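Fold and contact review
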2 protein chains.
Amino acid sequence: MQEIAEEAGVNQALLHYYFRTKEGLAATIFKESASRLLPAVLGVLTSDLPLREKIEGFVHLYIDTVRSSPFLPGYIISEMQHHPERLTAMFESAGVDPAPVAAGIRARLARELEDLADSGTIRRISPENFVINMLGLAVIPFVARPALTLVLRMDDSAFQRFLDERREILPGMILNSLKP
Amino acid sequence: MQEIAEEAGVNQALLHYYFRTKEGLAATIFKESASRLLPAVLGVLTSDLPLREKIEGFVHLYIDTVRSSPFLPGYIISEMQHHPERLTAMFESAGVDPAPVAAGIRARLARELEDLADSGTIRRISPENFVINMLGLAVIPFVARPALTLVLRMDDSAFQRFLDERREILPGMILNSLKP
DNA sequence: GTCTATATTTCGATAGAC
DNA sequence: GTCTATCGAAATATAGAC
């Protein structure tokens, strides 16, 4: 609390005035952080774009957003791991029941992927695996960054170049993985 | 410290007797945790197996190992994020300079991938992207688990089934993504 | 709303008996 | 090696003036 107050140019008492408790501050930060990523990403997945552009949109949006806040994924993963209840609280405070919303998105995606598989355009893949694959491929450079820095001696500019390259080739790699 | 002592059936004083400080305990836990994954994974990557079996070995080893300690990836990510110096300390205490070791592994993999690309067996891909793709695809179910539980209402057995399925299809998906 | 001062609790660490 | 008792510091939270 002391460090946060200093960074904000105020004192601890004022933090308590606004957030009541340390836990309240933590919950607020988690909500606002996760809300920077989730709606945008869901927007792409639920759009009417063709699959190729959904994939490209997802990858570009994710990498571009996180690039400007590179600690975001690690922070969200860390918080979900240590305080899974914050996820529930986040949806509650937004007045959203996540399960039916997700079920709807899942059903739409499932139909789209099935149709494309039926017509022989892509391999058969479940919507769960499709989404989680993209997420894993997009997020891993950021969470593995400390290791990349140490073992591959990647400094900041090398990491940025790695991201630039990855941003361009990842959509193609994902599409290729779906080829029949 | 209090909670850990309770869990271990001892008291705080004994923890201090063995680990001197809280930081010492944390460093020890990180070293032992990371050492459960890293050498095995590197063993697969540096083996003389053909690419197909390297991929399969990596995926199976990773999922099987982490399945029995599902918090391991989230914990390691969390610690790398908040205390990147622990990575350095880990290699130091093992008496290993990670950079040259990694450079050697990287060079070997690069040659293997180049040869396969030259002969038209696979698409051209850098060893960095090759390894980090596999890592991201293998790790993401575990770090995303709290979200899967909440939004897809996955209980423990559903998650285990998801892992079973993924363990089998992931090597094929990765291989397919490498097809020319 | 914002501050200073302070109360209260928690936590890491040590002393010393056994 | 393991324990009980306790110290001292740090952190969270509150009171009350402005």
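Conventions and cut-offs
- Residues numbered from 1 in each chain as written.
- Chains lettered and ligands numbered in written order.
- Predicted model: local features only at pLDDT ≥ 70, side-chain atom pairs only at ≥ 80, totals over all residues.
- Heavy atoms only, no water.
- Axes fitted to C-alpha atoms, helices over the stretch in contact; angles between N-to-C directions.
- Helix = DSSP H or I, 4+ residues; strand = E, 2+ residues; numbered from the N terminus.
- Parallel < 35°, antiparallel > 145°, perpendicular 65-115°, else oblique.
- Contact = heavy atoms within 4.5 Å.
- Nonpolar A, V, L, I, M, F, W, Y, C, P; charged D, E, K, R; others polar.
- Buried < 20%, exposed > 50% of the residue type's maximum accessible area, 1.4 Å probe, protein only.
- Near = heavy atom within 4 Å.
- Polar contact = N/O pair within 3.5 Å; in protein donor to acceptor, adjacent residues only side chain to side chain.
- 1 Å grid on protein atoms, 1.4 Å probe; cavity = no way out; pocket = protein on both sides within 12 Å on 5 of 7 lines; lining within 4 Å.
- Points joined across faces, edges and corners; volume = space filled by probe spheres on them.
- Phe/Tyr/Trp six-rings, centres within 6.5 Å; stacked < 30°, edge-to-face > 60°.
- Salt bridge = Lys/Arg side-chain N within 4 Å of Asp/Glu carboxyl O.
- Domains from an automatic or database assignment.

Turning to the packing of helix H5 (residues 72-82) of chain A against helix H8 (residues 127-143) of chain A, a few remarks are in order. Residues and elements named next belong to chain A. Contact pair H5 / H8: the axes reach a minimum separation of 8 Å and the direction vectors enclose 100°. By the criterion of interaxial angle, the relationship of H5 to H8 is roughly perpendicular. Contact residues: H5 offers Pro73, Gly74 and Ile77, while H8 offers Val139, Phe142 and Val143. Residues that form the contact of H5 with H8 fall into these classes: five nonpolar, one polar and no charged.

Even without glycine at this site, arginine 20 of chain A takes up a positive phi of about 70°. Taking the relative accessible area as the measure of exposure, arginine 20 of chain A reaches 69% and is therefore exposed.

The next thing to look at is H5 of chain A. For H5 of chain A, the buried fraction is high: nine of the 11 residues fall into the buried class. Of the residues making up H5 of chain A, those classed as buried are Leu72, Pro73, Gly74, Ile76, Ile77, Ser78, Glu79, Met80 and Gln81 of chain A.

What follows covers the protein's contact with DNA strand C. All residues adjacent to DNA strand C are Val10, Asn11, Ala13, Leu14, Tyr17 and Tyr18 of chain A together with Met1, Ala13, His16, Thr21 and Lys22 of chain B. Contacts to DNA strand C include methionine 1 of chain B, whose backbone N or O atom sits 3.4 Å from a phosphate oxygen. In this structure, lysine 22 of chain B approaches DNA strand C through a side-chain N or O atom, which is 2.6 Å from a phosphate oxygen. For the surface near DNA strand C, the elements supplying multiple residues, two or more each, are helix H2 (12-19) of chain A together with helix H2 (12-19) of chain B. Per-element tally for the surface near DNA strand C: the top contributor is H2 of chain A, with four residues.

Under the criterion given, the structure shown has two cavities of 30 Å³ or more. Taken as a whole, the largest cavity encloses approximately 40 Å³ of empty space. In terms of lining residues, the largest cavity is bounded by Leu45, Thr46, Ser47, Lys54, Ile105, Arg108, Leu109 and Glu112 of chain A. Element by element, the count of residues in the lining of the largest cavity is highest for helix H7 (residues 98-118) of chain A, at four residues. Of the residues contributing to the lining of the largest cavity, the split by class is three nonpolar, two polar and three charged. Empty space within the second largest cavity amounts to approximately 30 Å³. Taken together, Ile77, Gly136, Val139, Ile140 and Val143 of chain A together with Ile77, Gly136, Val139, Ile140 and Val143 of chain B make up the lining of the second largest cavity. Those elements giving two or more residues to the lining of the second largest cavity turn out to be H8 of chain A together with helix H8 (127-143) of chain B. Its residues placed into classes, the lining of the second largest cavity shows eight nonpolar, two polar and no charged.

Our focus in this paragraph is the packing of aromatic side chains. Residues and elements named next belong to chain B. Considering all chains together, one arrives at eight aromatic pairs over all chains under this definition. Between tyrosine 17 and tyrosine 18, the ring centres sit 5.4 Å apart and the planes meet at 80°, which makes this aromatic pair edge-to-face. For tyrosine 17, a relative accessible area of 64% corresponds to the exposed category.

Bringing the pattern of salt bridges into the picture now. It is possible for side chains bearing opposite charge to pair when their charged atoms get close. According to the stated counting rule, one finds 20 salt bridges over all chains in the structure shown. For glutamate 23 of chain A, the salt bridge goes to arginine 86 of chain A, with nearest N and O atoms at 2.6 Å. Note that glutamate 23 of chain A is positioned in helix H3 (residues 22-45) and arginine 86 of chain A in helix H6 (residues 85-93), a separation of 63 residues in sequence. The exposure class of glutamate 23 of chain A is partly exposed, given its relative accessible area of 42%. One salt bridge in this structure joins aspartate 118 of chain B and arginine 124 of chain B, with 3.0 Å as the shortest N-O distance. What makes aspartate 118 of chain B exposed here is its relative accessible area of 55%. According to the relative accessible area criterion, arginine 124 of chain B is exposed, its value standing at 59%. Within the structure, one salt-bridge network assembled from shared partners comprises Glu23, Glu79 and Arg86 of chain A.

Moving on, we get to the domain arrangement of chain A. Residues and elements named next belong to chain A. Along its sequence, chain A is carved into domain 1 (1-35) and domain 2 (36-177). Placing a centre on the C-alpha atoms of domain 1 and another on those of domain 2 gives a separation of 28 Å. In this complex, domain 1 contributes 10 residues to the contact, which on the side of domain 2 involves 14 residues. Along the contact surface separating domain 1 from domain 2 lie one salt bridge. At the junction of domain 1 and domain 2, the tally comes to seven residue pairs in polar contact (both at pLDDT 80 or more). Considered class by class, the residues forming the side of domain 1 that touches domain 2 number five nonpolar, two polar and three charged.

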